[in-house]
Amino acid sequence: MNVSDDYRTNWESYWKETSDARGEAIWDSDPALSAEPHSALLLRHADPARTIIDLGCGNGTQTRFLATRFARAMGVDLSHAAVEHARHAAAGGPAEFEQLDLTDTEAVHALHRRLGDSHVYMRAVIHQSEPAARPAVAAAVARLIGTEGRAFVVELTAGSRDVLRRAAAEPGGPGPKLQRVFHHGLKPADAADDEIPRLLAEAGLTVLADGETALPMTEYLADGTRIDLPARWFVLAGA
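Basis of the calculations
- Residues numbered from 1 in each chain as written.
- Predicted model: local features only at pLDDT ≥ 70, side-chain atom pairs only at ≥ 80, totals over all residues.
- Heavy atoms only, no water.
- Buried < 20%, exposed > 50% of the residue type's maximum accessible area, 1.4 Å probe, protein only.
- Helix = DSSP H or I, 4+ residues; strand = E, 2+ residues; numbered from the N terminus.
- Polar contact = N/O pair within 3.5 Å; in protein donor to acceptor, adjacent residues only side chain to side chain.
- Pairing = 2+ DSSP bridges.
- Salt bridge = Lys/Arg side-chain N within 4 Å of Asp/Glu carboxyl O.
- Axes fitted to C-alpha atoms, helices over the stretch in contact; angles between N-to-C directions.
- Contact = heavy atoms within 4.5 Å.
- 1 Å grid on protein atoms, 1.4 Å probe; cavity = no way out; pocket = protein on both sides within 12 Å on 5 of 7 lines; lining within 4 Å.
- Points joined across faces, edges and corners; volume = space filled by probe spheres on them.
- Nonpolar A, V, L, I, M, F, W, Y, C, P; charged D, E, K, R; others polar.

Participant: Residue-level account of helix H4 (residues 80–89), with values.
Facilitator: Along H4, the positions that sit buried rather than exposed are Ala-81, Ala-82, Val-83, His-85 and Ala-86. A side-chain oxygen of the first residue of H4 lies 3.2 Å from the backbone nitrogen of Ala-81; this N-cap is Ser-79.

Written as structure tokens, this is what we have:
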């Protein structure tokens, strides 16, 4: 299956209306708070000589950091506009970027044929995917890592909904970055907590390590508190 036209349009419009300014997207956190600690967890189980693929890379902030830790780093995203942002920001750097629909099974297989078994980094993609598309996203992770690669997957938990509700209920309403998420019809923290590990297992993935964390956003509440969204991380291998 492929994602719906509405879903594709929502993401395309979001990224078209997002500037190149660092942190303009609410999830565009400093790699020191995201890819750096995440890659440290992954590298306990993964060979840095392999390629790493950043699934749902957005404007490529995390991908560019991953290129400093792995032999080759490629970011892929559903949105053409996101890929253009990423390429512009990485001009002259080692990170590569391509458009890819993770639910397009043949395109995923073609990427695997080109790159071989690779590592995967996926930050908060399943939870906002359309419910019918989530099994295909998990299956894409399994296909890309094959038997030799490893994956780091981190997804929001139900506790994130409470944080987002609090942010939306601020006296002045949600901040401008969160407003844009809602305006474009994006749905953060949409998956149930038990759905993520079930989808990963059904895709044939084995959990090597996991734990609780929080994904820091680039927006703050009126009292100055940064919006940090509760999440769970998994280091995964093929079955």
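Participant: Tell me about the pairing of strand S5 (residues 150–156), and please be specific about residues and values.
Facilitator: Burial runs high along S5: seven of the seven residues are buried. On S5, burial covers both faces: Arg-150, Phe-152, Val-154 and Leu-156 on one face and Ala-151, Val-153 and Glu-155 on the other are all buried. Judged from the four bridges that link them, strand S4 (residues 119–123) and S5 form a sheet pairing that is parallel. Opposite Tyr-121, over in S5, you have Phe-152 as the bridge partner.

Participant: Break down the pattern of salt bridges for me, with residues and values.
Facilitator: Here the structure, examined in full by the defined rule, presents 14 salt bridges. Asp-30 is the salt-bridge partner of Arg-22, the closest N and O atoms lying 3.3 Å from each other. The partly exposed category is assigned to Asp-30, whose relative accessible area is 35%.

Participant: Any details on the sheet that holds strand S1 (residues 51–55)? Residues and values, ideally.
Facilitator: With respect to topology, seven strands assemble into an open sheet ordered S3-S2-S1-S4-S5-S7-S6, the strand pairing being mixed. Looking at the sheet topology across the chains shown, the edges are occupied by strand S3 (96–99) and strand S6 (205–220). Across the sheet, the axes of successive neighbouring strands diverge by a mean angle of 20 degrees, strand direction being ignored. Bridging between S1 and strand S2 (residues 72–77) involves five bridges; their strand directions are parallel. In the strand pairing of S2, Thr-51 is matched with Arg-72. Lying over the sheet, H4 contacts S2 and S3, oriented at roughly 170 degrees with respect to S3. Together, S1, S4, S5, S6 and strand S7 (226–238) form the strand contacts of helix H6 (residues 134–145), whose direction differs from that of S4 by roughly 155 degrees.

Participant: Got a sec to walk through empty space enclosed by the protein? Specific residues and values, please.
Facilitator: Picture a little ball the size of a water molecule; that probe, rolled over the atoms, points out where space is still empty. Applying the stated criterion across every chain, the model contains one cavity of 30 Å³ or more. There is about 680 Å³ of room inside the largest cavity. Every element with two or more residues in the lining of the largest cavity is listed here: helix H1 (5–16), S1, helix H3 (61–66), S2, S4, helix H8 (176–183) and S6. Broken down by element, the lining of the largest cavity gets its largest block of residues, three residues, from H1.

Participant: Go over the layout of surface pockets with me, naming the residues and quoting the values.
Facilitator: Roughly 160 Å³ of internal volume is contained in the largest pocket. Looking at the largest pocket, the residues that line it are Tyr-7, Asn-10, Trp-11, Gln-128, Ser-129, Glu-130, Pro-131, Gly-185, Leu-186, Lys-187 and Asp-190. Classifying every residue of the lining of the largest pocket by side-chain character gives four nonpolar, four polar and three charged.

Participant: Can you tell me about the packing of H1 against H4, naming the residues and giving the values?
Facilitator: Where H1 meets H4, the closest approach of the two axes is 7 Å, and the angle between their N-to-C directions is 35 degrees. In this structure, H1 uses Glu-12, Trp-15 and Lys-16 to contact H4, whose residues at the interface are His-80, Ala-81, Ala-82 and His-85. Among the residues forming the contact of H1 with H4, the class breakdown is three nonpolar, two polar and two charged.

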